[in-house]
Amino acid sequence: MLFFNHFGRYLLMLKGMFTRPENMRMYWKELMHQCVEIGVGSLGIVIIISFFMGAVSAVQTSYQLVSPLIPLTTIAQIVRDTVILEFAPTVVCIVLAGVVGSKIASELGNMRVSEQIDAFEIMGINTKGYLIMPKIAACLITIPMLVVLSMVLGILGGRLAGVATGILSTATYDMGLTLNFVPYNVFFALVKAYTFAFIISTIPSYYGYYVKGGALEIGRSSTKSVVVSCVMILFADYILAALLLNK
Amino acid sequence: MIEFKNIKKSFGDKVVLDDVSHVMETGKANLIIGQSGSGKTVLQKCLVGLFEPDEGEIIYDGISFTDMNVEERKLLRQQIGMLFQGSALFDSMTVEQNIMFPLDMFTSKSFSEKLKRVNEVLARVNLEGVNKKYPAELSGGMKKRVGIARAIVLNPKFLFCDEPNSGLDPQTSMVIDQLILDITREFNMTTVVNTHDMNSVMEMGENILYMFEGKTEWTGNKKDIIFSKNERLNSFIFASEFLQDAKDMRMLEAKGKISDDRDMDKMLKGDKLD
Ligand SMILES: Nc1ncnc2c1ncn2[C@@H]1O[C@H](COP(=O)(O)OP(=O)(O)OP(=O)(O)O)[C@@H](O)[C@H]1O
Ligand SMILES: [Mg+2]
């Protein structure tokens, strides 16, 4: 019952965002601001985790492939596919759910509790449109970009780790990368990225926007929004895999 | 003019507003007074639609606010200025950006024109040279004044102030009250002020609604207060002995009973007059 209650209010919130902007220029400015906050703001962490994810998967794959019958190029293929299919979209988005999600939820929560949302509302501004929509749009714009960047860096990380640990040469790695490459995987990863970006932005917005109480509740709702977003990401991950990868 | 009839509002089981009706007049400072927790803030928020009343009707200049849809309310709200009890300044913006925000959103003036207007309203609230400061760097009273500046920057037709001078020293308080009165008259606004400050009541009380536990207890103006026999109102307004004496003296004066300074002395000592 409670679930339907939340879900209904969540849908109404999304519907409420779509009214004519009071001033297009201000909405655009806010969108650009959020793109910088969300996209550029989480660039550092995305670079670091992608690089190490690629590196670790290269080393661990070679550790698991004990048979001398398997060619070394397989390592590069496995790194490429796991990074593109799972690591870049899913792991990065789970991390972003923590970084971006808690930021969105606590920012909106603080504005709600200190009556700033009411103050916007009283000026005749649609707060769902002005405060939430730019955040969602910014996530939809920047997160897929970050995911693509993460793919590139992950594969690069695997390459560097492979060479540094003496597992395989750059030439072998590069050859492996082009073997049996399926472009559809990249499309699939982007579908995931957009889905997760939507989850990461809308769920924390919902929890932040409807906070009641004080500082304690802001913290709680921000934690809750991250937990719910992560669960939803994994759930959506499974559904998308079942729908799009099932042969 | 804002008219409201039979407003009721409860939170869960707790009845906060119980059948409150009144008319807020144009060109006057209309006061809502009452003890802490009597429902002043809730009433004001019902009037502007931040809370939806359970029952009752609200009418702005003859048009029913209760029946308006979201878009119509948005348009009306562009003519409303509101100062919140906790100021509600946007904490990611500087003072200047805070006050300029409504101008940015709803006018197409050039930056220098907007800046001129911002400095104008800042000067009116006696606050200059804080343009580049963030709300977190201001004192409570300064935040209040920035809040007022932001509320009046678009010259609203309806101004709502929730305790504009709580947290201000008596002198600044008077300046703010005077400012609210001045702009109300100058622009013929309908101003609604929540207060439990005795000075403000006596200074601006042209139309007073006294609330007690969510009900209308008394209505009138500042002159009526002196002669009111309502005990709750008396003990609320003239809470201290000093003010009680002042009231007694005013009444006697009005009846021509205080003749010389000796009587005054006696009264101030608490003795009964003969
Ligand atoms: N959002 C809310 N949810 C539940 N109860 C509320 C809410 N807002 C106010 N109340 C209750 O309504 C009553 C009136 O509150 P209100 O804030 O209107 O008082 P007030 O007259 O403005 O007091 P003060 O002078 O201290 O500001 C209080 O008992 C308060 O507990
Ligand atoms: Mg109050």
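Conventions adopted
Residues numbered from 1 in each chain as written. Chains lettered and ligands numbered in written order. Predicted model: local features only at pLDDT ≥ 70, side-chain atom pairs only at ≥ 80, totals over all residues. Heavy atoms only, no water. Helix = DSSP H or I, 4+ residues; strand = E, 2+ residues; numbered from the N terminus. Rg over C-alpha atoms; globule rule 2.2 N^0.38 Å. Buried < 20%, exposed > 50% of the residue type's maximum accessible area, 1.4 Å probe, protein only. Areas by Shrake-Rupley, 256 points an atom, 1.4 Å probe, with all protein chains shown as cover. Lys, Arg positive; Asp, Glu negative; His and termini not counted. Charge placed at Lys NZ, Arg CZ, Asp CG, Glu CD. Contact = heavy atoms within 4.5 Å. Polar contact = N/O pair within 3.5 Å; in protein donor to acceptor, adjacent residues only side chain to side chain. Near = heavy atom within 4 Å. Disulfide = S-S within 2.5 Å. Phe/Tyr/Trp six-rings, centres within 6.5 Å; stacked < 30°, edge-to-face > 60°. Pairing = 2+ DSSP bridges. Axes fitted to C-alpha atoms, helices over the stretch in contact; angles between N-to-C directions. Donors = N, O, S within 2.8 Å, 3.2 Å for Na, K, Ca; no water. Salt bridge = Lys/Arg side-chain N within 4 Å of Asp/Glu carboxyl O.

## A short note on the overall build of chain B
A tally of helices and strands in chain B yields eleven helices and ten strands. The C-alpha radius of gyration computed for chain B amounts to 21 Å, which stays within 12% of the reference 19 Å derived for 274 residues, consistent with globular compactness. Seen through its principal axes, chain B has C-alpha atoms that stretch 70 × 45 × 30 Å. Relative to its 274 residues, chain B shows a buried fraction of 51%. Total accessible area on chain B is roughly 12,900 Å²; 49% of this is exposed by carbon and sulfur atoms. Here chain B carries 36 positive and 43 negative side-chain charges, and the mean point of each set is 2 Å from the other.

## Focus: the overall build of chain A
For chain A, the count of helices and strands is nine helices and zero strands. Beginning at the N terminus, the succession of helices and strands in chain A can be written as α-α-α-α-α-α-α-α-α. Summarising its shape, the C-alpha atoms of chain A cover approximately 70 × 40 × 35 Å along the three principal directions. Residues counted as buried form 47% of the 247 residues belonging to chain A. As presented, chain A carries roughly 11,800 Å² of accessible surface, and 73% of it is formed by carbon and sulfur atoms. Distance between charge centroids for chain A: 4 Å, based on 16 positive and 12 negative side chains.

## Observations concerning the interface of chain B and chain A
Listed as interface residues are 23 residues of chain B and, on the opposing side, 20 residues of chain A. Taken together, the connections running from chain B to chain A amount to six residue pairs in polar contact (both at pLDDT 80 or more). Those elements giving two or more residues to the side of chain B that touches chain A turn out to be α1 (40–48), α2 (70–77), β6 (80–83) and α3 (95–106) of chain B. In terms of residue count, α3 of chain B provides more of the side of chain B that touches chain A than any other element does, five residues in total.

## Notes on the site of ligand 1
All names here are of chain B. Lining the immediate surroundings of ligand 1 are 15 residues, of which S36, G37, K40, T41 and Q85 lie closest. Measuring from an oxygen atom of ligand 1, one finds a backbone N or O atom of G37 at 2.8 Å. In the environment of ligand 1, an oxygen atom lies 3.0 Å from a nitrogen or oxygen atom belonging to the backbone of V42. Across the complex, the protein chains shield 65% of the 640 Å² of accessible surface that ligand 1 would expose by itself. Of all the elements in the fold, those that place two or more residues in the shell around ligand 1 are β2 (14–24) and α1. At three residues, the largest contribution of residues to the shell around ligand 1 is made by α1.

## Details of the state of the cysteines
Two cysteines, two sulfur atoms, one covalent bond between them: this is a disulfide. All names here are of chain A. Applying the stated criterion to the full structure yields zero disulfides over all chains. Unpaired in this structure, C35 has its nearest cysteine sulfur neighbour in C139, at a distance of 8.9 Å. The exposure class of C35 is buried, given its relative accessible area of 12%. Here C93 is not cross-linked by a disulfide; its sulfur's nearest cysteine counterpart is in C139, at 9.4 Å.

## Here we look at the packing of aromatic side chains
Residues and elements named next belong to chain A. In the structure shown here, the tally under the stated rule is 19 aromatic pairs over all chains. Judged by centre distance (6.2 Å) and plane angle (85 degrees), the rings of F51 and F52 are edge-to-face. A relative accessible area of 26% means that F51 is categorised as partly exposed. Given a relative accessible area of 52%, F52 falls into the exposed group.

## Describing the sheet that holds strand β7 (residues 158–162) of chain B
Backbone hydrogen bonds are what pair the strands of a sheet, in a parallel or an antiparallel way. Residues and elements named next belong to chain B. Read from one edge of the open sheet, six strands run β6-β7-β8-β3-β9-β10, paired in mixed fashion. Two strands lie at the open edges of the sheet, namely β6 and β10 (215–220), each paired on one side alone. Taking each pair of neighbouring strands and ignoring which way they run, the sheet shows an average axis angle of 15 degrees. Where strand β9 (residues 207–212) meets β10, five bridges bridge the pair, whose relative direction is antiparallel. For I208, the partnering residue across the bridge sits in β10 and is G220.

## Considering the coordination of the magnesium ion (ligand 2)
Residue and element names in this part refer to chain B. Coordination of the magnesium ion (ligand 2) by the protein is provided by T41 (OG1) and Q85 (OE1), with metal-donor distances spanning 1.8 to 2.2 Å. Of this pair, T41 sits in helix α1 while Q85 sits in the loop between β6 and α3, and the two are 44 residues apart along the sequence. On the basis of relative accessible area, Q85 is assigned to the partly exposed category, the value being 35%.

## Focus: the pairing of β2 of chain B
All names here are of chain B. Direction of pairing for strand β1 (residues 2–11) relative to β2: antiparallel, over a ladder of eight bridges. The residue bridging S10 from the neighbouring strand is V15, located in β2. Taken together, β1 and the strand that follows it, β2, pair antiparallel across an intervening segment of two residues, in which G12 is found at a positive phi of about 60 degrees.

## Side note on the pattern of salt bridges
Summed over the entire model, instances satisfying the criterion amount to 23 salt bridges over all chains. R77 of chain B serves as the salt-bridge partner of E121 of chain A, at 3.6 Å between the closest nitrogen and oxygen. In this pair, E121 of chain A is assigned in helix α5 (residues 116–122) and R77 of chain B in helix α2, connecting two distinct chains. Assessed through its relative accessible area of 6%, R77 of chain B is described here as buried. R73 of chain B is paired through a salt bridge with E52 of chain B; the nearest N and O atoms lie 3.2 Å apart. Of the two residues, R73 of chain B is situated in helix α2 and E52 of chain B in the loop between α1 and β4 (55–60); the sequence distance between them amounts to 21 residues. According to the relative accessible area criterion, R73 of chain B is buried, its value standing at 11%. Beyond isolated ion pairs, a larger network of salt bridges with shared partners links E37, K103, E107 and K135 of chain A.

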